[in-house]
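Spelled out from the first residue to the last, the chains are:
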Amino acid sequence: QVQLVESGGGLVQPGGSLRLSCAASGTNFSINRMGWYRQAPGKERELVAVITSGGSTNYADSVKGRFTISRDVAKNTVYLQMNSLKAEDTAVYYCHAYYYVIGNYWGQGTQVTVSS
């Protein structure tokens, strides 16, 4: 059974930093890409950042220059370093993994709240 376990969310003041982690387990199938999405109250889920198995990355315009996605392929783990956080970054952040054979999987979500 595939599991994506997220950690690292919490409450932070504007301008602060957080690091999210997501570890995938439960299958030997290879992962093509992993990423982070977020959903704020009353809004649709949106892409934050994605990284492929080859290391290519893509970011939402709203987080470019502030967030950095990285991946440990051997550990099937993806990280999201979030700096210069703003109130509008407040959302539930979801980890996503796309496997070559078995498709899409999601984590349970972790709350990030940016507030003074």
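Our subject in this report is the structure included herewith. (Residues numbered from 1 in each chain as written. Predicted model: local features only at pLDDT ≥ 70, side-chain atom pairs only at ≥ 80, totals over all residues. Heavy atoms only, no water.)

## Some remarks on the packing of aromatic side chains
Here is step 1 of the chain: One pass over the full model with this rule turns up 2 aromatic pairs.
Here is step 2 of the chain: Relative to Trp 106, the ring of Tyr 37 lies with its centre 5.0 Å away and its plane at 65°, an arrangement referred to as edge-to-face. Of this pair, Tyr 37 sits in strand E4 (residues 31-39) while Trp 106 is found in strand E10 (residues 103-106), placing the two residues 69 residues apart along the sequence.
Here is step 3 of the chain: When its relative accessible area of 38% is taken as the criterion, Trp 106 is described as partly exposed.
Here is step 4 of the chain: Between Tyr 99 and Tyr 105, the ring centres sit 5.7 Å apart and the planes meet at 85°, which makes this aromatic pair edge-to-face.
Here is step 5 of the chain: A residue is classified by how much of its surface remains accessible, and Tyr 99, at 1% relative accessible area, is buried.
Here is step 6 of the chain: Residue classification places Tyr 105 among the partly exposed positions, given a relative accessible area of 28%.
Here is step 7 of the chain: Sitting over the ring of Tyr 98, Arg 33 keeps its end group 4.5 Å from the ring centre.
Here is step 8 of the chain: Here the basic side chain of Arg 45 rests over the ring of Tyr 94, its NZ or CZ set 3.7 Å away from the ring centre. (Phe/Tyr/Trp six-rings, centres within 6.5 Å; stacked < 30°, edge-to-face > 60°. Helix = DSSP H or I, 4+ residues; strand = E, 2+ residues; numbered from the N terminus. Buried < 20%, exposed > 50% of the residue type's maximum accessible area, 1.4 Å probe, protein only. Lys NZ or Arg CZ within 6 Å of the ring centre and 35° of its normal.)

## Some remarks on the pairing of strand E9 (residues 91-99)
Here is step 1 of the chain: With 7 of its 9 residues buried, E9 lies for the most part within the structure.
Here is step 2 of the chain: Of the pairings in the sheet, the one linking E9 to strand E11 (residues 110-114) comprises 3 bridges and is antiparallel in character. Directly across from Ala 91, in E11, lies its bridge partner Val 112.
Here is step 3 of the chain: By the bridge criterion, 4 bridges tie E9 to E10 in an arrangement that is antiparallel. The residue of E10 that forms the bridge with Ala 97 is Tyr 105.
Here is step 4 of the chain: Between the antiparallel neighbours E9 and E10 lie 3 residues. (Pairing = 2+ DSSP bridges.)

## Quick word on the nonpolar core
Here is step 1 of the chain: In this structure, Trp 36, Leu 80, Met 82 and Tyr 93 are the most contacted members of the largest nonpolar core, which totals 30 residues.
Here is step 2 of the chain: For this core, the secondary-structure elements that each account for two or more residues are strand E3 (18-25), E4, strand E5 (46-52), strand E7 (67-72), strand E8 (77-82), E9 and E11.
Here is step 3 of the chain: The biggest single contributor to this core is E9, with 5 residues.
Here is step 4 of the chain: Here Leu 80 is in contact with Leu 18, Arg 19, Leu 20, Trp 36, Val 48, Ala 49, Phe 67, Thr 68, Ile 69 and Tyr 93, once residues within four sequence places are set aside. (Core = buried A, V, L, I, M, F, W, Y, C linked by side-chain atoms within 4.5 Å. Contact = heavy atoms within 4.5 Å.)

## Topic: the pattern of salt bridges
Here is step 1 of the chain: All told, the structure shown has 4 salt bridges when counted by the stated rule.
Here is step 2 of the chain: Between Arg 38 and Asp 89 there is a salt bridge, with its nearest N and O atoms 3.0 Å apart. Residue Arg 38 is found in strand E4, and its partner Asp 89 is found in the loop between E8 and E9; the two are separated by 51 residues along the sequence.
Here is step 3 of the chain: Arg 38 gets classed as buried once you look at its relative accessible area, which sits at 6%.
Here is step 4 of the chain: Residue class for Asp 89 comes out buried when judged on its relative accessible area of 1%.
Here is step 5 of the chain: In this structure, a network of salt bridges that share partners links the residues Arg 38, Glu 46, Arg 66 and Asp 89. (Salt bridge = Lys/Arg side-chain N within 4 Å of Asp/Glu carboxyl O.)

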